[in-house]
Amino acid sequence: MNDMDRRLLTALRDCGTDRRVAGAARALSWAGEHGALWLAAGLLGAAADRERRPAWLRGTALTAGAHLASMGMKRVVRRPRPGAEAGAEPLVRTAGKHSFPSSHATSAAAAAVAYGALGPMGARLIPPLAAAVCVSRMVVGVHYPSDVAAGAALGALTARLGARWMTGGEAR
């Protein structure tokens, strides 16, 4: 797994040699920092969709909770971020030095599952953007693919487990 992780990271990081790809990856990474993009999306959804405002706010809380869970896991696992062995210097600075699991991927997947359950707009718009944020973390060279996969699994699981609470007890 370690060798495959490094090879996939190298291939994705090589995409960042294109200025346009690097710029987009930096922007997505920046927007996803501390789950900000997803928290803003949830609050915007709550403001725009009065009928389901409580569900949007609960989905936002689930997204924040998933992000906090990933930060706690990082402190336990303490896997270092990719370094020079990844083939190039990272394209962005990071808030921390640990990479497993990816908190960007955790909050992105939590938002995709939570907000996707709230209607067609969330289901169409959020998942592709969430996937792009996840990939951006490898393109900028700060996460291994296994970091992103674990983060996405944690986020999706957290949101799925909270789905009943989010929708006020309605089965989805």
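Conventions adopted
- Residues numbered from 1 in each chain as written.
- Predicted model: local features only at pLDDT ≥ 70, side-chain atom pairs only at ≥ 80, totals over all residues.
- Heavy atoms only, no water.
- Salt bridge = Lys/Arg side-chain N within 4 Å of Asp/Glu carboxyl O.
- Buried < 20%, exposed > 50% of the residue type's maximum accessible area, 1.4 Å probe, protein only.
- Axes fitted to C-alpha atoms, helices over the stretch in contact; angles between N-to-C directions.
- Helix = DSSP H or I, 4+ residues; strand = E, 2+ residues; numbered from the N terminus.
- Parallel < 35°, antiparallel > 145°, perpendicular 65-115°, else oblique.
- Left-handed = near helix turned anticlockwise from the far one by under 90°.
- Contact = heavy atoms within 4.5 Å.
- Nonpolar A, V, L, I, M, F, W, Y, C, P; charged D, E, K, R; others polar.

Draft legend 1. Up close: the pattern of salt bridges. Enumeration according to the criterion identifies 5 salt bridges in this entry. In this structure, D18 engages R20 in a salt bridge whose closest nitrogen and oxygen atoms are separated by 3.1 Å. According to the relative accessible area criterion, D18 is partly exposed, its value standing at 29%. The class of R20 is exposed, set by a relative accessible area of 66%. Its salt-bridge partner being D49, residue R52 comes within 2.7 Å of it at the nearest N-O pair. Relative accessible area serves as the criterion here: at 15%, D49 is assigned to the buried category.

Draft legend 2. Quick peek at the packing of helix α4 (residues 53-77) against helix α5 (residues 103-116). It is at 8 Å that the axes of α4 and α5 come closest, and there the two elements cross at 155 degrees. It follows that α4 is roughly antiparallel to α5 by the angle criterion. Here the hand of the crossing between α4 and α5 comes out right-handed. Of the residues in α5, those in contact with W56, G59, T60, T63, A66, H67, S70, M71 and K74 of α4 are S103, T106, S107, A110, A111, A114 and Y115. Taken together, the residues of the contact of α4 with α5 break down into 7 nonpolar, 8 polar and 1 charged.

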